[in-house]
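Here is what each chain is made of, one letter per residue.
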Amino acid sequence: MKINELRDTLALQPLSEGDTDREVSGGYTGDLLSFVMGRCPADSAWITIMNNVNVLAVASLADAACVILAEDSVPDDAVLSRARTEGINLYTSPMTAYELCGRLYALLS
Amino acid sequence: MSEPVRFHFDVAGENFVSAGEASATVKKLLRQLGVDPAVIRRVSIAMYEGEINMVIHANGGTADILVYTDRIVIVLEDHGPGIPNVGLAMQEGYSTAAENVRALGFGAGMGLPNMKRYTDSMDIETAVGRGTKITMEISL
Ligand SMILES: Nc1ncnc2c1ncn2[C@@H]1O[C@H](COP(=O)(O)OP(=O)(O)OP(=O)(O)O)[C@@H](O)[C@H]1O
Ligand SMILES: [Mg+2]
């Protein structure tokens, strides 16, 4: 499934977008950055409530397809502008990480 | 053996906003060199973890990346406190990270294990009170 289809299906609110034609092939959830770095497969949707600037670095270095912030988590302006500069697909949603994972899992399986 | 392509970076300590910039730059440079994306991802993960460790635990340091035709070598060197017990530090879950950096999502104690896992070899030279030098290699 492509990022833009995922965004529309789950009504994710875009905070920053780059290549939304990119395929999402899986998912991962977690807030501890080294866990995500080590375990999040490439081309995944990463679901987290963490919203600091280090999230952007981890997402791009680990080749995550997009970051979905759960529970209406929104980063500050400095993080948002950096995400836009780097073309990171970053979304927020009122759903909990649990709900997002369940919906994503159903969509991808 | 031809000369490697070299990149050098100074990594600032205690700066969590610029943390990861050296790794991000290396990722871009390796892309330009046409390195296999799967290899770039491994280099990125290993280098980021080492870079962040220098920021958090060692008040900064230097990163040198050497790209040979058959391998990529990452050398991270700092003059921080050193690692008293490398065996312990290498264990998943072991961390001495302070509360303020844990709040940012660091401190899972997974950085060094990730560096080992994503590289073909990893060597740690460290002396308490003097610093740490970590050399990692990824075959191409
Ligand atoms: N460059 C370094 N200088 C001094 N101590 C270090 C250095 N790198 C790692 N350590 C020590 O080894 C421990 C384990 O490192 P590791 O990267 O695995 O975990 P962490 O940095 O604490 O947390 P995480 O990487 O999961 O965010 C650190 O908590 C620290 O005590
Ligand atoms: Mg670490």
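Definitions and limits used
Residues numbered from 1 in each chain as written. Chains lettered and ligands numbered in written order. Predicted model: local features only at pLDDT ≥ 70, side-chain atom pairs only at ≥ 80, totals over all residues. Heavy atoms only, no water. Pairing = 2+ DSSP bridges. Helix = DSSP H or I, 4+ residues; strand = E, 2+ residues; numbered from the N terminus. Axes fitted to C-alpha atoms, helices over the stretch in contact; angles between N-to-C directions. Contact = heavy atoms within 4.5 Å. Buried < 20%, exposed > 50% of the residue type's maximum accessible area, 1.4 Å probe, protein only. Polar contact = N/O pair within 3.5 Å; in protein donor to acceptor, adjacent residues only side chain to side chain. Phe/Tyr/Trp six-rings, centres within 6.5 Å; stacked < 30°, edge-to-face > 60°. Buried area = accessible area lost by both parts, 1.4 Å probe. Nonpolar A, V, L, I, M, F, W, Y, C, P; charged D, E, K, R; others polar. Salt bridge = Lys/Arg side-chain N within 4 Å of Asp/Glu carboxyl O.

1. Here's the deal with the sheet that holds strand 3 (residues 71-78) of chain B
All names here are of chain B.
Then comes step 1: Taken together, the five strands give an open sheet; going across it, the order is 1-2-3-5-4, and neighbouring strands pair in antiparallel fashion. Both outer strands of the open sheet, strand 1 (5-12) and strand 4 (121-127), are each paired with one neighbouring strand and no more. Taking the axes of each pair of neighbouring strands and ignoring which way they run, one obtains an average angle of 10° across the sheet.
Then comes step 2: Strand contacts of helix 1 (residues 21-32): strand 1, strand 2 (60-67) and strand 3, with the helix running at about 160° to strand 1, the strand carrying the most contacts.

2. Thoughts on the environment of K2 of chain A
Residues and elements named next belong to chain A.
Then comes step 1: Note on placement: K2 falls in the segment before helix 1 (3-9).
Then comes step 2: On the basis of relative accessible area, K2 is assigned to the partly exposed category, the value being 30%.
Then comes step 3: As for K2 and R22, which are separated by 20 residues in sequence, their C-alpha atoms are 5.4 Å apart.
Then comes step 4: In this structure K2 touches T20, D21, R22, E23 and V24, once residues within four positions along its chain are discounted.

3. A word on the side chain of N52 of chain A
Residue and element names in this part refer to chain A.
Then comes step 1: Here N52 lies in the loop between strand 3 (44-48) and helix 3 (53-61).
Then comes step 2: Assessed through its relative accessible area of 13%, N52 is described here as buried.
Then comes step 3: A polar contact is formed between the side chain of N52 and the backbone nitrogen of N54, at a distance of 2.9 Å.

4. Remarks on the sheet that holds strand 3 of chain A
Residue and element names in this part refer to chain A.
Then comes step 1: Overall, mixed pairing links the five strands, which are arranged 1-5-4-3-2 in an open sheet. In this open sheet, the two edge strands, each paired with only one partner strand, are strand 1 (13-16) and strand 2 (26-29). Between one strand and the next, the sheet's axes are offset by a mean angle of 25°, whatever the strand orientation.
Then comes step 2: Here strand 2 pairs with strand 3 via four bridges, running parallel. Residue pairing across strands places G27 opposite A45, the latter belonging to strand 3.

5. Regarding the pairing of strand 3 of chain B
Residue and element names in this part refer to chain B.
Then comes step 1: Taken across its eight residues, strand 3 has six buried, putting it largely inside the fold.
Then comes step 2: Where strand 2 lies against strand 3, six bridges are found, and the strand directions are antiparallel. For V67, the partnering residue across the bridge sits in strand 3 and is I72.
Then comes step 3: What sits between strand 2 and strand 3 in their antiparallel hairpin is a turn of three residues.

6. Remarks on the packing of aromatic side chains
Any two aromatic rings considered together are summarised by their centre-to-centre distance and by the angle between their planes.
Residues and elements named next belong to chain B.
Then comes step 1: In the structure shown here, the tally under the stated rule is one aromatic pair over all chains.
Then comes step 2: Seen in terms of ring centroids, F16 and F106 are 6.4 Å apart; in terms of plane orientation they differ by 35°. Their pairing is tilted. Taken together, the positions of F16 in the loop between strand 1 and helix 1 and F106 in the loop between helix 4 (99-102) and helix 5 (111-117) put the pair 90 residues apart, joining distant regions of the chain. There is no split in this pair, since F16 and F106 are both buried.

7. Regarding the interface of chain B and chain A
Many structure descriptions define interface size as the accessible area lost when the parts assemble.
Then comes step 1: The partner chain A presents 22 residues to the 23 residues of chain B that form the contact.
Then comes step 2: When chain B packs against chain A, close to 1,800 Å² is buried across both sides, 51% of that on carbon and sulfur atoms.
Then comes step 3: For the side of chain B that touches chain A, the element with the most residues is helix 2 (residues 37-57) of chain B, which contributes five residues.
Then comes step 4: Considering only residue class, the side of chain B that touches chain A consists of twelve nonpolar, five polar and six charged.

8. Comments concerning the pattern of salt bridges
Then comes step 1: All told, the structure shown has ten salt bridges over all chains when counted by the stated rule.
Then comes step 2: Residue K27 of chain B is joined to D63 of chain A by a salt bridge in which the shortest nitrogen-to-oxygen separation is 2.5 Å. One end of the pair, K27 of chain B, is in helix 1; the other, D63 of chain A, is in the loop between helix 3 and strand 4 (66-69), on a second chain. For the pair shown, K27 of chain B and D63 of chain A are each scored as buried.
Then comes step 3: Between R71 of chain B and D70 of chain B there is a salt bridge whose closest N-O contact spans 3.2 Å.
Then comes step 4: Given the relative accessible area of 22%, R71 of chain B is considered partly exposed.
Then comes step 5: For D70 of chain B, a relative accessible area of 37% gives the class partly exposed.
Then comes step 6: The network of salt bridges with common partners includes R7, D8 and E17 of chain A.

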